[in-house]
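# A structural walkthrough
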Amino acid sequence: MKLLVDVPSGFNFLRTVYSHGWCSLPPFHVEKASSQLQRVIELSGGKSAVIRICQPARTRLAVEVAGGSALGAAKRREIVSQVRSCFRLDEDYSEFYRAAKSYPAFRWVPKIGAGRLLRAPTVFEDVVKMICTTNCSWALTEVMVVNLCKKLGVEVDEGKFTFPRPETIAENTEKFLRKEIRAGYRAPYLLELSRRLARNDFDAESWRHSDLPTNELYDLVRSVKGIGPYAAGNILKLLGRYDYLGIDSWCRKQFFEIHKNGRRTSDRVIENFYERYGEWKGLFFWMDVTKDWYAREFPF
DNA sequence: GCGTCCAGGTCTACC
DNA sequence: GGTAGACCTGGACGC
């Protein structure tokens, strides 16, 4: 079964897929040969599906649902809604692009349709993955996320698993998360987050539609154990707020090479550098340090 | 092959 | 408010 999804003018599928590392973490998977993004998605009523997304025309995405002929209209709408959310199709980037056009160094951004950051269908998945990126190599992040899906997700097709639900993680032990998931000292953080969500202690999904000023939303995100300035800044970007940079060691290194001839500076200097970009500073920062990715079809 | 050192963010305790 | 040390893992390096 194939679904068609309208996209805004200038939308660039591959540039959104490769906007950051999420596309290489399950349940996302890039099929380079066909330039498709595969994703295992969970639907209401305990159903799941494997979908493959590509952009056959400038104005729309095509979503192939494997074995989905029996899906009714409501389920099809759910799939389209998740795809629209992951690709940020309903967010307005016109102000960002207008700003980018006014800076010679960023005129390339609207030209190629960069700037949309791929996100997961749920805030929970984004937060868990962000915690798994802290204080470790990307290779270890992949190990943790693969283990979460394989050991706690539901197998929908051979070797294809859903991302685990909060309740599933919550019912496991810290020892299991430490040793089997390889989360190490992050285990109690993942457990506490999952258990709070499973108990309905707080509603992370509401962050995507929050009316709170960004600094208050930042404090709320920071209140989750294991989320520091780097992780909070980047989670905010996935919520559509770009007022924080979310600096990590890789970004620092990129900044030093691009702007300081490799010379190290403090984070305060980096923050001051992007202050001119106002509420879009986090996105300008990310565009700046990842600019060389956009020269290649598949940057990683 | 084994041991040691280091990098990578966040938390807690302490000043 | 700022800082030091602990947390855990994988990779690099030396032996």
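What comes next is a walk through the structure. (Residues numbered from 1 in each chain as written. Chains lettered and ligands numbered in written order. Predicted model: local features only at pLDDT ≥ 70, side-chain atom pairs only at ≥ 80, totals over all residues. Heavy atoms only, no water.)

### So, the overall build of chain A
For chain A, the helix and strand inventory stands at 14 helices and seven strands. In terms of overall size, chain A behaves like a compact globule, its C-alpha atoms giving a radius of gyration of 19 Å where 300 residues would be expected to give roughly 19 Å. Summarising its shape, the C-alpha atoms of chain A cover approximately 50 × 45 × 35 Å along the three principal directions. Taking the intrachain contacts of chain A between residues at least 6 apart in sequence as the baseline, contacts between residues at least 24 apart amount to 63%. Summed over all atoms, the accessible surface of chain A reaches about 14,100 Å², with 48% contributed by carbon and sulfur. Taking the 47 positively charged and 36 negatively charged side chains of chain A as two groups, their mean positions are separated by 4 Å. (Helix = DSSP H or I, 4+ residues; strand = E, 2+ residues; numbered from the N terminus. Rg over C-alpha atoms; globule rule 2.2 N^0.38 Å. Contact = heavy atoms within 4.5 Å. Areas by Shrake-Rupley, 256 points an atom, 1.4 Å probe, with all protein chains shown as cover. Lys, Arg positive; Asp, Glu negative; His and termini not counted. Charge placed at Lys NZ, Arg CZ, Asp CG, Glu CD.)

### Focus: the pairing of strand β2 (residues 28-31)
Where β2 meets strand β3 (residues 36-42), four bridges bridge the pair, whose relative direction is antiparallel. Its bridge partner being in β3, Phe28 is matched across the sheet by Arg39. The loop that links β2 with its antiparallel partner β3 comprises four residues; one of these, Ser35, has a positive phi angle of about 50°. (Pairing = 2+ DSSP bridges.)

### Observations concerning the protein's contact with DNA strand B
Taken together, the neighbourhood of DNA strand B is formed by 17 residues, with Asn135, Gly226, Ala231, Asp248 and Ser249 sitting nearest. Backbone sugar and phosphate groups make up 61% of those atoms of DNA strand B lying within 4 Å of the protein. One of the side-chain nitrogen or oxygen atoms of Tyr185 is found 3.1 Å away from a base nitrogen of DNA strand B. A distance of 3.1 Å separates a phosphate oxygen of DNA strand B from a polar backbone atom of Tyr230. Counting residues per element, the ones that place at least two in the surface near DNA strand B are α11 (229-238) and α12 (249-259). The residue inventory of the surface near DNA strand B, partitioned by class, reads eight nonpolar, five polar and four charged. (Near = heavy atom within 4 Å. Polar contact = N/O pair within 3.5 Å; in protein donor to acceptor, adjacent residues only side chain to side chain. Nonpolar A, V, L, I, M, F, W, Y, C, P; charged D, E, K, R; others polar.)

### Here we look at the protein's contact with DNA strand C
Taken together, the neighbourhood of DNA strand C is formed by Leu140, Arg178, Arg182, Gly184 and Tyr185. Between DNA strand C and the protein, one listed contact pairs a phosphate oxygen with a side-chain N or O atom of Arg182 at 3.0 Å. In the surface near DNA strand C, the residues fall into two nonpolar, one polar and two charged.

### What to know about the sheet that holds β2
Read across the sheet, five strands follow the order β1-β5-β4-β3-β2 without closing on themselves; strand pairing throughout is antiparallel. Two strands close off the open sheet at either side, each with one partner strand: β1 (2-6) and β2. Put simply, the sheet's adjacent strands are angled 30° from each other on average, direction ignored. Sitting on the sheet, helix α2 (residues 73-86) touches β1, β2, β3, β4 (48-57) and β5 (60-65), and the angle it makes with β1 is about 45°. (Axes fitted to C-alpha atoms, helices over the stretch in contact; angles between N-to-C directions.)

### Remarks on unusual backbone geometry
Cis geometry is found at the peptide bond from Pro26 to Pro27, where omega equals 5°. With respect to the element layout, Pro27 can be found in the loop between α1 (13-17) and β2. Notably, Ser35 is not glycine yet its phi reads approximately 50°, a positive angle. Mapped onto the elements of the fold, Ser35 is located in the loop between β2 and β3. Note on Ser35: relative accessible area 21%, which makes it partly exposed. Notably, Asn200 is not glycine yet its phi reads approximately 60°, a positive angle. (Buried < 20%, exposed > 50% of the residue type's maximum accessible area, 1.4 Å probe, protein only.)

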